[in-house]
Amino acid sequence: MRTLRSIAELRAALAEPRRFGAEIGLVPTMGAFHEGHLSLMRHAREECDTVVVSLFVNPTQFNESSDLSAYPRDEAGDAVLAADVGVDFLFAPPVEELYPTGFATTVSVSAITGELEGIHRGRGHFDGVTTIVTKLLNIASPDVAYFGQKDAQQAVVIKRLVRDLDMPVRIAICPTVREPDGLAMSSRNRHLDPAERFRATALHRALRTAEAAVAAGLRDPAVVQARARAELTSSHVEPEYLELVHADTLAPVATIDGDVLAVLAAWVGDTRLIDNHVITKNGRR
Ligand code: PAF
C-alpha cells in the first residue's frame, strides 16, 4: 500500500490502472479505523480492482473547534489496518492540499440536511460533508464510493448529491457493523467508560423494540416511538431524537405502511451516539 499526500500524486497513481480499465473503489474516511471502516474497505476490495482509502479529518464538517481537535488520530495504526485489508492507496493529504488559501466554494444539498443531525450538529455540518465528498469524488473519480448505513442521514444526503449533480459514480451503502451485544461500531465508543458502554446497548434495544412493535401490528409512529424511547430512558440513556422517517426523504411518516427508517441520537454520559434500523411493515429487515 502506498500513502499519497497530494492530489497530483493520487491522480498519477490512478492513471495507469484506469488506462487498463480497472474498476476503482473509494472509501472516504476520517481515520481512527474500527471494524466498520474495515468492512467498507473489504467490500471495496471484493468488488473493485483498485482500492483507495482517503484519510482526512475534514475541518469544515465540525461546528466546534474543540470537537475537531479532540477527534482521534492515528495515521500509522490506520495505515497498518488498511494495508492488512489489501488497500492499494491511502490518500492522506494535509489540510492545505484540500483547502488552499482562498478556498471559497461550498456544495450544499438544500433539502434533507436541516433535520435530525442537521438540527443538532448545525446545517454547516452537511455542507462540510458534501463539499469534501464532492472534492474527493472529483479527485479520485472512482467507479464506486463506499459509505456506512450507520450514518443514515449522511448516506441519504450523499446519494442525493450524486444524483442531483449527475456525478458518474455508484454510491454503495454498506450495513452497520455491530459489537456482539448490538452496539453499532463508532469511533466515539472509545469514550464510554465500562458502565456507559453497558448502558449504550439500549440504543440497539430501542430500535429492536420499535421493530417488535411494528411486527406486532402497531402502525402509529408516535406509539412505536414512545415504546422505543421508554427502552432508552429505562437504561438512563437520554434520547436527543428518536423518529420514524421515510427512508429517502427523511420526512416523518404519518403512518407505518411501508419501509421506514428508525433513527435515533442519544447521550450516554458525555458521549453522543447515533444508530438506525430500516424497519419493514412486518418488523425486521
Ligand atoms: O463519514 C465520515 O467519516 C465523513 O463524514 C466523510 C464521509 C469521510 C467526509 O469527511
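Scroll up a little and you will see the structure.
What you are looking at is a predicted structure, and each value in this text was computed from that prediction instead of being measured. (Residues numbered from 1 in each chain as written. Predicted model: local features only at pLDDT ≥ 70, side-chain atom pairs only at ≥ 80, totals over all residues. Heavy atoms only, no water.)

*Asks:* Is there a simple way to think about the packing of helix α10 (residues 201-215) against helix α11 (residues 221-234) in this case?
*Replies:* How two helices pack is summed up by the angle between their axes together with the distance between the axes. Running from N to C, α10 and α11 point in directions that differ by 150 degrees, and their axes come no closer than 8 Å. It follows from the interaxial angle that α10 and α11 lie roughly antiparallel. Note that α10 runs across α11; the crossing there is right-handed. Where α10 abuts α11, its residues A202, L203, R205, A206, T209, A210, A213 and V214 lie against V224, R227, A228, E231 and L232. Residue classes in the contact of α10 with α11 are distributed as 9 nonpolar, 1 polar and 3 charged. (Axes fitted to C-alpha atoms, helices over the stretch in contact; angles between N-to-C directions. Helix = DSSP H or I, 4+ residues; strand = E, 2+ residues; numbered from the N terminus. Parallel < 35°, antiparallel > 145°, perpendicular 65-115°, else oblique. Left-handed = near helix turned anticlockwise from the far one by under 90°. Contact = heavy atoms within 4.5 Å. Nonpolar A, V, L, I, M, F, W, Y, C, P; charged D, E, K, R; others polar.)

*Asks:* Would you mind showing me how to read the packing of aromatic side chains here?
*Replies:* What characterises a pair of aromatic rings is the spacing of the ring centres plus the angle enclosed by the ring planes. Applying the stated rule across the entire model yields 3 aromatic pairs. Between F62 and Y71 the ring centres are 5.6 Å apart and the planes differ by 75 degrees, which places this aromatic pair in the edge-to-face class. Like F62, the residue Y71 is buried in the burial classification. Between Y99 and F103, the ring centres sit 4.9 Å apart and the planes meet at 90 degrees, which makes this aromatic pair edge-to-face. Members of the aromatic cluster, joined through ring pairs, are F56, Y99 and F103. (Phe/Tyr/Trp six-rings, centres within 6.5 Å; stacked < 30°, edge-to-face > 60°. Buried < 20%, exposed > 50% of the residue type's maximum accessible area, 1.4 Å probe, protein only.)

*Asks:* Mind showing me how you'd approach the nonpolar core here?
*Replies:* As a rule of thumb, soluble globular proteins bury nonpolar side chains together. Formed by 44 residues in total, the largest nonpolar core has its most connected members in L10, V52, F91, L98, V133 and L137. Of all the elements, helix α7 (residues 123-140) adds the most residues to this core, at 8 residues. In contact with L98, not counting residues within four places along its chain, are I7, F56, F91, P93, F103, I132, K135, L136 and I139. Among the nonpolar cores identified, the runner-up in size contains 25 residues, and A202, A206, V224 and A228 belong to it. (Core = buried A, V, L, I, M, F, W, Y, C linked by side-chain atoms within 4.5 Å.)

*Asks:* In this structure, what is going on with the site of the ligand? I would like to understand it.
*Replies:* The ligand sits among P28, T29, M30, N58, Q61, I132, F147 and Q154. Side-chain polar atom of Q61 to an oxygen atom of the ligand: 2.6 Å apart, as the coordinates give it. Q154 places a side-chain nitrogen or oxygen 2.7 Å from an oxygen atom of the ligand. Relative to its unbound accessible area of 290 Å², the ligand is 89% covered by the protein chains. The residue makeup of the shell around the ligand, split by class, is 4 nonpolar, 4 polar and no charged. (Near = heavy atom within 4 Å. Polar contact = N/O pair within 3.5 Å; in protein donor to acceptor, adjacent residues only side chain to side chain. Areas by Shrake-Rupley, 256 points an atom, 1.4 Å probe, with all protein chains shown as cover.)

*Asks:* What exactly am I supposed to notice about the sheet that holds strand β7 (residues 238-245) here?
*Replies:* Through backbone hydrogen bonds, the strands of a sheet pair up, either in parallel or in antiparallel fashion. Ordered in space as β7-β8-β9, the 3 strands form an open sheet in which the pairing is antiparallel. Two strands lie at the open edges of the sheet, namely β7 and β9 (271-279), each paired on one side alone. Each strand of the sheet is rotated relative to its neighbour by a mean of 10 degrees, with strand direction disregarded. Looking at chain direction, strand β8 (residues 260-268) and β9 are connected through 9 bridges and run antiparallel. Directly across from V263, in β9, lies its bridge partner N276. (Pairing = 2+ DSSP bridges.)

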